[in-house]
Amino acid sequence: MVVCFIRLFLSSCFVLMALHATTSHAIASNKIEALGKYISSACKTSCVDASLLLISVEKASEELDVNPTTLLAIIEVESSFKHRALNKTNGKSIGLSQIQVKWHRDKFTSTNYYDVFDNVRVGAVIYRDCIKRHKGSRERALWCYNGHQRNGMKAYVPKVLKAHSRLSSLKLH
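Here, residues in each chain are numbered from 1, in the same order as that chain's written sequence. The predicted nature of this model means local features are confined to residues of pLDDT at least 70 and side-chain atom pairs, given and counted, to a pLDDT of 80 or more, with totals for whole chains, interfaces and linings taken over all residues. Each side-chain value is derived from all of the structure's non-hydrogen atoms; neither hydrogens nor water enter the calculation.

(A) Seen up close, the state of the cysteines. Here, the term disulfide refers to a pair of cysteine sulfur atoms separated by no more than 2.5 Å. Within this structure, the stated rule accounts for two disulfides. With its sulfur 2.2 Å from that of its partner, Cys43 forms a disulfide with Cys47. Taking the sign of the S-S torsion, -105° for the link of Cys43 and Cys47, the bridge is left-handed. The classification of residues rests on relative accessible area computed with a 1.4 Å probe and restricted to protein chains. Under 20% of the type maximum is buried, over 50% is exposed, and intermediate values are partly exposed. Here Cys43 falls in the buried class, since its relative accessible area comes to 3%. With a relative accessible area of 31%, Cys47 lands in the partly exposed category. With its sulfur 2.2 Å from that of its partner, Cys130 forms a disulfide with Cys144. An S-S torsion of about -65° defines the bridge between Cys130 and Cys144 as left-handed. Placement of the pair is Cys130 in helix H5 (residues 116-133) and Cys144 in helix H6 (residues 138-145), with a sequence separation of 14 residues. Comparing Cys130 with Cys144, the two get one shared label, buried. Disulfide connectivity for the protein, with bonded cysteines indexed by sequence position, reads 1-2, 3-4. Labels follow the DSSP assignment, with helices taken as runs of H or I lasting at least four residues and strands as runs of E lasting at least two, numbered in each case from the N terminus.

Here it is as structure tokens:
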């Protein structure tokens, strides 16, 4: 009798674990699909893979305690989700998070500044440091991320907040 109960209990546990894994995979799949559609509407060429981006943002945001939707919004405004974005206007900004390597080289773990995981992580480090510097003010932290540019509070910050609002509606996190 006890042996039957234990077997029944264990088989129920395995069924529940399999159901949870299937449900988690479906949810993750739905998130990736939603982000993929969103990325394709914002990016026409050289776009980052949605699953790779979602994984890297979730990992960086968890590790550094920053809002993942804010990170995605920064990436959208900075690079339009272009994996190999390069801007030479005000220095040389590289990758999804548009990192100026000359100022942040020490934050990278490799010399491949386009590496999705590393680039997103460095962007998260910079944003986290800006949040600390500006005592938790998201708007001032975004302005800081943008290099305290003269028109940043009027132009850059509202762009990121608008992207944040659009991304929030996707319910990725």
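There is more to say, and it comes next.
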